[in-house]
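# Tertiary structure, described
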Amino acid sequence: MREPHTVTVLGAGTMGAGIAQACASGGHAVTVVDRQPEALERCGATIDASLERLLRKGSIATEAATATRERVRTSTDLAAALDGTDVVIEAVYEDLAVKQDLWRAVDEHSRPDALLATNTSSLSVTEIAQVLRHPERFCGLHFFNPVPVLPLVEVVRAEHTSATTLDEAVAFVSGIGKTPIVCGDTPGFIVNRLLIPYVNDAIHALGEGVARAVDIDTAMKLGANLPMGPLALADLIGLDVTLAVIESLHRETADPRFRPAPRLRQLVRAGKLGRKSGEGFHRYE
Ligand code: 3HC
């Protein structure tokens, strides 16, 4: 693939915005595609706020921030955005049917040699790829929230992913200054396999009356030296995403260790999804 690439990011949510920013700061020309113009507007505002924060902290120079912002465009026209694009990264809602429908459309409009990747956190990459004509060009690129800050990207080798595709994906991730770790297409990959059961267990502990939410979080911050407590982390990840990951681990392994905490399900049903909805285990301005 020629450098710099043109990258199309599908989905303008928290992860889509972060991935677009990371790719643009790595020098690539990025188009974020979403059906909803309001989501695209929010995506632009999220990137502005993140760049502002990096500028304030002196982690990025003004020229680099301006150049990054200028490399990000938005569009509601999928076919036009995919025309000639080198890399496609999908970060839409965690629903197999939604993702497969979108990938069918991508397959129709993208170049046969484009690098294709999903940022799924809870679905099988191999299963998403079932709808593709060239599943050997498909892999998982799993970023972590907040994407502008966290250096890891899990590069997921699905059943049909070719060695060339994997090499290109690893090179792409290194090229945007992130650290790639290759892993197999198993539920939760590495990080979510270990992190989400811990978060889920904290929600069980809350339900059992072990302590108040604020005290569980403070205890894990001060007693285990973690940057944030598990319930605040669930709020950051999104309670819907947290539930989707723990449900997938439970479904795929039938292991009772991964039983979703009832309180997590209740909050998701109530539309309390964490930071993005203004309330989860904690309240946000
Ligand atoms: N954009 C740019 N910079 C940001 C940012 C953003 N969105 N969010 C935080 N930062 C920067 C801050 O400017 C600050 O920079 P500095 O180190 O140069 O001072 C640094 O990150 C730390 O931020 P704060 O000083 O505000 O301190 P916080 O305690 O609020 O840190 C945090 C925030 C980075 C979120 C930190 O608490 C953390 O790392 N928490 C754990 C996050 C984590 O585990 N994420 C993984 C979730 S799992 C996942 O995403 C996978 C999915 O599939 C579920």
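The structure contained in this document is the topic of the report that follows.

Parameters and conventions
Residues numbered from 1 in each chain as written. Predicted model: local features only at pLDDT ≥ 70, side-chain atom pairs only at ≥ 80, totals over all residues. Heavy atoms only, no water. Helix = DSSP H or I, 4+ residues; strand = E, 2+ residues; numbered from the N terminus. Buried < 20%, exposed > 50% of the residue type's maximum accessible area, 1.4 Å probe, protein only. Contact = heavy atoms within 4.5 Å. Areas by Shrake-Rupley, 256 points an atom, 1.4 Å probe, with all protein chains shown as cover. Patch = residues over 30% accessible without salt bridge, like charges linked within 9 Å, V, L, I, M, F, W, Y side chains within 5 Å. Salt bridge = Lys/Arg side-chain N within 4 Å of Asp/Glu carboxyl O. Pairing = 2+ DSSP bridges. Axes fitted to C-alpha atoms, helices over the stretch in contact; angles between N-to-C directions. Near = heavy atom within 4 Å. Polar contact = N/O pair within 3.5 Å; in protein donor to acceptor, adjacent residues only side chain to side chain.

### Some points on the overall build of the protein chain
Scanning the protein chain from terminus to terminus reveals 12 helices and eight strands. Burial status across the protein chain gives 48% buried among its 285 residues. Put simply, of all contacts in the protein chain between residues at least 6 apart along the chain, 66% involve residues at least 24 apart. Accessible surface, the protein chain as shown: approximately 13,600 Å² in total, 52% of it carbon and sulfur.

### Comments concerning a nonpolar patch on the surface
On the surface, a nonpolar cluster with roughly 260 Å² of combined accessible area is contributed by Ile181, Ile190 and Leu194. Position of isoleucine 181 among the secondary structure elements: in strand 8 (residues 179–184). Residue classification places isoleucine 181 among the partly exposed positions, given a relative accessible area of 36%.

### Some remarks on the pattern of salt bridges
Going through the model one piece at a time under the given rule, you end up with 14 salt bridges. The closest approach of N and O atoms between arginine 69 and aspartate 48, which form a salt bridge, is 2.5 Å. Pair noted here: arginine 69 is in helix 3 (residues 62–70) and aspartate 48 is in helix 2 (residues 37–56), with a separation of 21 residues, a long-range link. For arginine 69, a relative accessible area of 26% puts it in the partly exposed group. The class of aspartate 48 is partly exposed, set by a relative accessible area of 38%. For lysine 99, the salt bridge is made with glutamate 90, and the minimal N-O distance between the two is 2.5 Å. Overall, glutamate 90 belongs to the buried group, its relative accessible area being 0%. Among the ionic contacts, a cluster of salt bridges with common partners joins Asp86, Arg111 and Asp113.

### Observations regarding the sheet that holds strand 1 (residues 6–10)
Spatially, the eight strands line up as an open sheet ordered 3-2-1-4-5-6-7-8, and their pairing is mixed. Taken across any chain shown, the strands that pair with only one partner, and hence form the sheet edges, are strand 3 (72–75) and strand 8. Shown here is a sheet whose adjacent strand axes are inclined to one another by a mean of 25°, direction ignored. Running at roughly 165° to strand 4 (residues 87–90), helix 5 (residues 96–109) makes contact with strand 1, strand 4, strand 5 (115–118) and strand 6 (138–143) of the sheet.

### Brief notes about the site of the ligand
Taken together, 20 residues lie near the ligand, and Ser50, Arg53, Ser121, His142 and Asn145 sit nearest. Arginine 53 has a polar side-chain atom sitting 2.5 Å from an oxygen atom of the ligand. Here a nitrogen atom of the ligand and a backbone polar atom of asparagine 145 are 2.8 Å apart. About the coverage of the ligand: the protein hides 70% of its 1,000 Å² of free accessible area.

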